[in-house]
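Geometric and topological summary
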Amino acid sequence: MELTLRIRRFNPETDTKPHWEEYTIDADPDQKLLDALLYVKDHLDGTLTLRKSCAQGICGSDAMRINGQNGLACRVLIKQVNTPVISIEPLYGLPLIKDLVVDMEPFWKWYRAIMPWLVNDEPAPEKERLQSAEQLARYDDSTKCILCAACTTSCPPFWANGNNYVGPASIVQAHRFIFDSRDRATAERLNIMGQAFGVWKCRTVYNCTEACPRGIRITEHIGEVKRAISLGMPKE
Ligand code: SF4
Ligand code: F3S
Ligand code: FES
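My aim in this report is to walk through the structure given alongside it, one point at a time. (Residues numbered from 1 in each chain as written. Chains lettered and ligands numbered in written order. Predicted model: local features only at pLDDT ≥ 70, side-chain atom pairs only at ≥ 80, totals over all residues.)

1. Focus on the overall build of the protein
The number of helices and strands found in the protein is nine helices and seven strands. C-alpha atoms of the protein, sized along the principal axes, occupy 60 × 35 × 30 Å. Here the contacts in the protein between residues at least 6 apart in sequence split such that 66% fall between residues at least 24 apart. (Helix = DSSP H or I, 4+ residues; strand = E, 2+ residues; numbered from the N terminus. Contact = placed C-beta atoms within 7 Å.)

2. Comments concerning helix α6 (residues 168-178)
The buried fraction of α6 amounts to 11 of the 11 residues, a majority that puts the element mostly inside the structure. Listed as buried for α6 are Pro168, Ala169, Ser170, Ile171, Val172, Gln173, Ala174, His175, Arg176, Phe177 and Ile178. (Buried ≥ 20, exposed ≤ 12 C-beta atoms within 10 Å, placed from the backbone.)

3. What to know about the site of ligand 1
In the vicinity of ligand 1 lie 15 residues, with Cys145, Cys148, Cys151, Ala169 and Cys212 positioned nearest. Here the shell around ligand 1 is composed, by residue class, of 13 nonpolar, one polar and one charged. (Near = placed C-beta within 6 Å. Nonpolar A, V, L, I, M, F, W, Y, C, P; charged D, E, K, R; others polar.)

4. Considering the site of ligand 2
Every residue near ligand 2 is listed here: Cys155, Pro157, Pro168, Cys202, Arg203, Thr204, Val205, Tyr206, Asn207, Cys208, Thr219 and Ile222. The set of elements that each furnish at least two residues to the shell around ligand 2 consists of α8 (207-211) and α9 (218-231). Taken together, the residues that form the shell around ligand 2 break down as eight nonpolar, three polar and one charged.

5. Regarding unusual backbone geometry
Despite not being glycine, Leu147 shows a phi value in the positive range, around 55°. Structurally, the position occupied by Leu147 is in the loop between α4 (133-137) and α5 (156-161). Backbone geometry places Tyr206, a non-glycine residue, at a positive phi of 75°. Examined against the element boundaries, Tyr206 turns out to sit in the loop between α7 (186-193) and α8.

6. Section: the packing of α6 against α7
Two numbers describe how α6 lies on α7: the axes approach to 10 Å, and their chain directions differ by 160°. Here α6 lies roughly antiparallel to α7, going by the angle between them. As for the relative orientation of α6 and α7, their crossing is left-handed in sense. Of the residues in α7, those in contact with Ile171, Ala174, Phe177 and Ile178 of α6 are Thr186, Arg189, Leu190 and Met193. Residues that form the contact of α6 with α7 fall into these classes: six nonpolar, one polar and one charged. (Axes fitted to C-alpha atoms, helices over the stretch in contact; angles between N-to-C directions. Parallel < 35°, antiparallel > 145°, perpendicular 65-115°, else oblique. Left-handed = near helix turned anticlockwise from the far one by under 90°.)

The following block contains the structure:
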């Protein structure tokens, strides 16, 4: 099939603002969008700049805006998009570096802020710290996050308050530890989430949940963190 990729381009060395460029290729509908982009880079315009690594939906590096919706280029098939022209843009809400590459540092800043590690200074048991299946189920969904930023960069409150809102990805990461029975920093984590930059900036827009390539129930988990702050942690 004939497919036109309409790509928002920006070269900081020559451009004052982004512009659109179009590339028409012969594409296989079963092809990944990432492969079509790499075809353009390899055969039509070697200056096209994008991030990718695993090409398997694992590393989270190729999130971008595809026909107005965030997704991973390596997880989207051309037949799923199903339009003769596919518009591709860099993620919104993060500083643009070049073409489809944004500066992820503001995203990582918020990730670091939620203490993304297990806190437990109690003496280690002889073997592993055991959990029941029910204890694992409380946070298991959040462990699927690959930190691609598709959720945070589709969230209008993050667009408006990027410097002052932790964003849904970091709330998912906080949820992952808050509801982990082995963690001992629950109060500290809930205190972080209750700050002005925390969960209360969420307006339940749901874009994050729709954007997540891992199908994580983000809005539901944000609600669980909000309830834990206002009503206390639910009993195990
Ligand atoms: Fe990506 Fe989903 Fe994690 Fe957000 S929650 S960073 S969309 S994997
Ligand atoms: Fe944003 Fe998701 Fe809340 S899109 S407003 S974090 S439900
Ligand atoms: Fe790794 Fe797409 S390239 S998730």
